[in-house]
Amino acid sequence: MADLRELYQQVILDHNKNPRNFRKIESAEELEGFNPLCGDHYMVYLQMDGDVIRDIGFQGAGCAISKASASVMTAMVKGKSRPEAEAFFTTFHDMVMGESKLDPESLGRMGAFSGVKEFPSRIKCAVLAWHTLNNALHGQKEVVKTE
Ligand code: ZN
């Protein structure tokens, strides 16, 4: 278990240091996400092609958990359909809330955030980008605030 925890730590450190899709996409839908408790603040850029996420990016600043989570999210949902991305959101949300019965090892990169449920103050950091994506997929325009 210690090895797995180390691996998860590595995933988070790596995605924090070298965030994937960390860029603005011109002419994309954009939605702002803000977590006042921690100060995490991101813009998520979403470009749909019909029902498929053709491109996704994000920019902004925040703690390691929030940034790594946003990075993993963009890497996972790019090229996926809207229902697939929504299913990922539900899986991720349930996992960090401690409501998932799935084995974190079956969740790939997402599993790296399974330990967050033990730190209630960090749950909002981890779900911020995912909530922002989910709202963007539902055509919402208001700033996403985790409160
Ligand atoms: Zn945070």
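This text gives an overview of the structure that appears in the document. (Residues numbered from 1 in each chain as written. Predicted model: local features only at pLDDT ≥ 70, side-chain atom pairs only at ≥ 80, totals over all residues. Heavy atoms only, no water.)

**Topic: the side chain of Asn-134**
Working step 1: Residue position: Asn-134 is located in helix α4 (residues 120-137).
Working step 2: A relative accessible area of 14% places Asn-134 in the buried class.
Working step 3: Here Asn-134 is in contact with Glu-86 and Phe-89, once residues within four sequence places are set aside. (Helix = DSSP H or I, 4+ residues; strand = E, 2+ residues; numbered from the N terminus. Buried < 20%, exposed > 50% of the residue type's maximum accessible area, 1.4 Å probe, protein only. Contact = heavy atoms within 4.5 Å.)

**Considering the nonpolar core**
Working step 1: Of all hydrophobic cores here, the largest spans 40 residues; its most connected members are Phe-92, Val-96 and Phe-113.
Working step 2: If you list the elements that add at least two residues to this core, you get α1 (2-17), β2 (40-49), β3 (52-61), α2 (64-77), α3 (82-96) and α4.
Working step 3: Here the element with the most residues in this core is α4; it accounts for 10 residues.
Working step 4: Those residues within four positions of Phe-92 in sequence are excluded, and the remaining contacts are Ser-69, Met-110, Phe-113, Ala-126, Val-127 and Trp-130. (Core = buried A, V, L, I, M, F, W, Y, C linked by side-chain atoms within 4.5 Å.)

**Examining the sheet that holds β2**
Working step 1: One open sheet holds the four strands; their spatial order is β3-β2-β1-β4, and the pairing between them is mixed. For this open sheet the edge positions go to β3 and β4 (144-145), each flanked by a neighbour on one side alone.
Working step 2: Direction of pairing for strand β1 (residues 29-35) relative to β4: parallel, over a ladder of two bridges. Pairing of Gly-33 across the sheet is with Val-144, part of β4.
Working step 3: Strands in contact with α4 are β1, β2, β3 and β4; relative to β1, the strand with the most contacts, it is inclined by about 150°. (Pairing = 2+ DSSP bridges. Axes fitted to C-alpha atoms, helices over the stretch in contact; angles between N-to-C directions.)

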